[in-house]
Amino acid sequence: MVLLHVLFEHAVGYALLALKEVEEISLLLPQVEECVLNLGKFHNIVRLVAFCPFASSQVALENANAVSEGVVHEDLRLFLETHLPTKKKKVLLGVGDPKIGAAIQEELGYNCQTGGVIAEVLRGVRLHFHNLVKGLTDLSACKAQLGLGHSYSRAKVKFNVNRVDNMIIQSISLLDQLDKDINTFSMRVREWYGYHFPELVKIINDNATYCRLAQFIGNRRELNEEKLEKLEELTMDGAKAKAILDASRSSMGMDISAIDLINIESFSSRVVSLSEYRQSLHVYLRSKMSQVAPSLSALIGEAVGARLIAHAGSLTNLAKYPASTVQILGAEKALFRALKTRGNTPKYGLIFHSTFIGRAAAKNKGRISRYLANKCSIASRIDCFSEVPTSVFGEKLREQVEERLSFYETGEIPRKNLDVMKEAVVQAEEAAAEMARKLEKQEKKRLKKEKKRLAALALASSENSSSTQEECEETVEKPKKKKKQKLQEVPQENGMEDHPSIPVSKPKKKKSFSKEELVSSDLEEEAIGSVSLPKKKKLSPKEEAVVSDPEETGNKSVSKKKRKFSSKEETVSSGPEEAAGSKSSSKKKKKFHKAPQED
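My aim in this report is to walk through the structure given alongside it, one point at a time. For clarity, every value in this text was computed on a predicted model and none was experimentally measured.

Right, let's talk about the overall build of the protein chain for a bit. Each helix and strand in the protein chain was counted, giving 28 helices and 5 strands. Scored against the burial criterion, the 599 residues of the protein chain give a buried share of 32%. Counting only contacts in the protein chain whose residues sit at least 6 apart along the sequence, the fraction spanning at least 24 positions is 66%. For the protein chain, the accessible area works out to roughly 39,400 Å², and carbon and sulfur atoms hold 55% of it.

This paragraph deals with helix H12 (residues 207-217). For H12, the buried fraction is high: 8 of the 11 residues fall into the buried class. Those residues of H12 not exposed but buried are Asn-207, Ala-208, Thr-209, Tyr-210, Cys-211, Leu-213, Ala-214 and Ile-217. Buried positions along H12 lie against helix H10 (166-194), helix H11 (199-203), helix H13 (228-235), helix H14 (238-249) and helix H15 (258-292). One or two positions beyond H12, positive phi appears at Gly-218, with a value near 70°.

What follows concerns the nonpolar core. Core analysis: the biggest nonpolar cluster contains 47 residues, and Leu-296, Ile-300, Ile-309, Leu-318 and Leu-372 have the highest contact counts within it. At 8 residues, the largest contribution of residues to this core is made by helix H22 (residues 365-385). Each residue touching Leu-372, except ones within four places of it in the same chain, is listed here: Ile-300, Ile-351, Ser-354, Phe-356, Ile-357 and Val-401. Membership of the second largest hydrophobic core comes to 25 residues, among which are Leu-16, Ala-50, Leu-76 and Ile-100.

A surface patch of positive charge is lined by Lys-438, Lys-441, Lys-444, Lys-445, Lys-448, Lys-449, Lys-451 and Lys-452. Checked against the element boundaries, Lys-444 lands in helix H24 (residues 417-493).

Let us now look at the pairing of strand S1 (residues 3-9). The side chains of a regular strand alternate, first on one face of the sheet and then on the other. Of all 7 residues that make up S1, 5 are buried, and the element is covered over most of its length. Direction of pairing for S1 relative to strand S4 (residues 91-94): parallel, over a ladder of 4 bridges. Opposite Leu-3, over in S4, you have Val-91 as the bridge partner. Taken together, the 5 bridges between S1 and strand S2 (residues 13-19) define a ladder with antiparallel strand orientation. Paired with His-5 across the two strands is Ala-18, which belongs to S2. Hairpin remark: S1 followed by S2, antiparallel, with 3 residues in the connecting loop.

On inspection of all chains with the given rule, the structure shows 20 salt bridges. For Asp-255, the salt bridge is made with Arg-221, and the minimal N-O distance between the two is 2.9 Å. One end of the pair, Asp-255, is in the loop between H14 and H15; the other, Arg-221, is in the loop between H12 and H13, with 34 residues separating them in the sequence. Looking at Arg-221, the relative accessible area reads 58%, which means it is exposed. Two residues, Arg-415 and Glu-423, come together in a salt bridge whose shortest N-O distance is 3.3 Å. Residue Glu-423 is classed as partly exposed on the basis of its relative accessible area of 35%.

Looking now at the sheet that holds S1. An order of S3-S2-S1-S4-S5 is seen for the 5 strands of this open sheet, with the pairing classed as mixed. The outermost strands of the open sheet, each flanked by one partner alone, are strand S3 (46-53) and strand S5 (111-113). This sheet shows a mean twist of 25° between the axes of neighbouring strands, independent of strand direction. In terms of strand pairing, S2 meets S3 through 7 bridges, oriented antiparallel. Bridging from a neighbouring strand, Leu-17 pairs with Leu-48 of S3.

Attention shifts here to H22. If you check H22, its first and last C-alpha atoms are 30 Å apart, about what 21 residues at 1.5 Å a residue would give, namely 30 Å. By the criterion of burial, H22 is predominantly enclosed, with 15 of the 21 residues buried.

So, about the packing of aromatic side chains. Scanning the entire structure with this criterion turns up 9 aromatic pairs. Aromatic side chains Phe-8 and Phe-129 sit 5.1 Å apart centroid to centroid with 50° between the ring planes, which places their arrangement in the tilted category. Taken together, the residues span a long stretch of sequence, with Phe-8 in strand S1 and Phe-129 in helix H8 (residues 129-132) at a distance of 121 residues. Exposure remark for Phe-129: the relative accessible area of 3% places this residue in the buried category. A centroid spacing of 5.9 Å and a plane angle of 50° characterise the contact between Phe-407 and Tyr-408, whose relative ring orientation is tilted. Given the relative accessible area of 30%, Phe-407 is considered partly exposed. Accessibility expressed as a relative area gives 17% for Tyr-408, which makes it buried. Taken together, Phe-8, Phe-51 and Phe-129 form an aromatic cluster joined through their ring pairs.

As a further point, take the packing of H12 against H15. Viewed as axis vectors pointing N to C, H12 and H15 meet at an angle of 145°, and their least axial separation amounts to 9 Å. Like other packed secondary-structure pairs, H12 and H15 cross with a definite hand, here left-handed. For the pair formed by H12 and H15, the contact residues are Ala-208, Cys-211, Arg-212, Ala-214 and Gln-215 on the first element and Glu-265, Ser-268, Ser-269, Val-271, Val-272, Ser-275 and Glu-276 on the second. Classifying every residue of the contact of H12 with H15 by side-chain character gives 5 nonpolar, 4 polar and 3 charged.

With that out of the way, let us pick up the packing of H13 against H14. Where H13 contacts H14, the two axes come as close as 8 Å, and the packing angle between them is 125°. One element, H13, and the other, H14, form an angle in the oblique class. Viewed along their axes, H13 and H14 form a crossing whose handedness is right-handed. Side by side, H13 and H14 meet where Leu-228, Leu-231, Glu-232 and Thr-235 of the first sit next to Gly-238, Lys-240, Ala-241, Lys-242, Ile-244 and Leu-245 of the second.

It is worth spelling out unusual backbone geometry at this point. Positive phi outside glycine occurs at Met-236, with the angle close to 60°. On the basis of relative accessible area, Met-236 is assigned to the exposed category, the value being 74%. The backbone phi angle of Arg-342 is positive, close to 60°, even though this residue is not glycine. With respect to the element layout, Arg-342 can be found in the loop between helix H20 (332-341) and helix H21 (355-359). Arg-342 sits in the exposed class, given a relative accessible area of 80%.

Conventions adopted
Residues numbered from 1 in each chain as written. Predicted model: local features only at pLDDT ≥ 70, side-chain atom pairs only at ≥ 80, totals over all residues. Heavy atoms only, no water. Helix = DSSP H or I, 4+ residues; strand = E, 2+ residues; numbered from the N terminus. Buried < 20%, exposed > 50% of the residue type's maximum accessible area, 1.4 Å probe, protein only. Contact = heavy atoms within 4.5 Å. Areas by Shrake-Rupley, 256 points an atom, 1.4 Å probe, with all protein chains shown as cover. Core = buried A, V, L, I, M, F, W, Y, C linked by side-chain atoms within 4.5 Å. Patch = residues over 30% accessible without salt bridge, like charges linked within 9 Å, V, L, I, M, F, W, Y side chains within 5 Å. Salt bridge = Lys/Arg side-chain N within 4 Å of Asp/Glu carboxyl O. Lys, Arg positive; Asp, Glu negative; His and termini not counted. Charge placed at Lys NZ, Arg CZ, Asp CG, Glu CD. Pairing = 2+ DSSP bridges. Axes fitted to C-alpha atoms, helices over the stretch in contact; angles between N-to-C directions. Expected span 1.5 Å × (residues − 1). Phe/Tyr/Trp six-rings, centres within 6.5 Å; stacked < 30°, edge-to-face > 60°. Left-handed = near helix turned anticlockwise from the far one by under 90°. Nonpolar A, V, L, I, M, F, W, Y, C, P; charged D, E, K, R; others polar. Parallel < 35°, antiparallel > 145°, perpendicular 65-115°, else oblique.

Put into structure tokens, the structure is as follows:
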């Protein structure tokens, strides 16, 4: 009997389930559909064999990517080899995705099945999964699915930030809207200010210039020779400025109040600011088109290329369109009307705004529009699928359109497309190499700056550490200097200035001893005193003469005792009592040193 297992991939891990009564299940498919919704009945059909949770969200993302691409991940391979029976011929594995099923069958040798009853069982497992796995709640399962969904979408949406065509679509839409609004507002300013100065409309045709002049002139009666220079700057024409000045003196317009002039000037300033913003937006659009679609913008211009991208929805959609669709893109209404009435179909759509169709003769407009649409389709595909954006192909395609236009007019035979594309490929390679060299130089400069910055930081940190050390040393040396000054002042106060030959001994630090050492040293001193100092006897006159010289006796006794103590230190091993004895001997040495100085 064949054992049927089902593999279920969840955001928290892999689950392997076994189905009971396989033959009955395969026959009673409607009953399975009913049992899926009931947890008790579903438990009678399905039991959990094994569950392998993912170690982290990164591992879950890797496994999800592998399953979506139809690749058997190492975790899945280990999980199936561990928990499935060793006899592969008696095992039937049910999976939800046919691609992963084919990969498992090819790599591991298990027979895989998809669809039918497997889909119903997986639906039930997906519904009751948090009840099948112990310790897993519905809330935690939902959170895991949400987190994995976000990370999976972010990983799938891989694009270059500098080559996003959404900004182009919004920019060209805003540009068209601004053109309409500026035109409407300018007509309102012309009509409003025309009551006061009607002759200005005939002299100035440009809307933005008219609004600037209305803002500058104000009341026409205040216009004089002093403002002529400023008028020339605004109109950029001396004759027009002189004509405006003459017209203001003999104008037929009505007088206007100050409050009306203030409103006209404020509205004119708004229109002028809108026209300035429109120019800056056009510059921005040109820069974005040079990054996203350089070949298309070099061929037909930034504005027309942006309109084509916006109408298609994206650069990728435009690249997928055939040349015949690009030709009539923007003329859908005329096309369907012609198809409905069985009339002539339109020859061009948005590409009519390019300069080539306007320069062609009436009989050649259809031909040149078809040729131009062909080249636009090629340029959009180059821009969409090339790794390095370059305008070389667009310039070459533009040259071809120019040659075809001259062929229609003069009959001069243009170059072949193959030769032109070979030249373009060579130039594109050179441009790519030049760009790579520039990027290398920029990277080297950046690394040098980074090294200099790190070196400066290291130097600053070392200087700070050295300065802190010097400050600590200065604080330590200051009390020492104060002690030296005190010691030099003390002998001068005691009247020892007359004896410079006598050296001043430095005060020695007192050694700190524990109580036990002091007690032991006192006991040893008493013992040594009792041994080395016998009872005093009456001295003979000879001995008194000897004692009369105290310095010599003191020196002799000191030398003798030194010998005794040195011999003791060499022979006797180190111990607490001997250490105390040596300390007492050192005290006695100090006493003998002081004796001759006092005498």
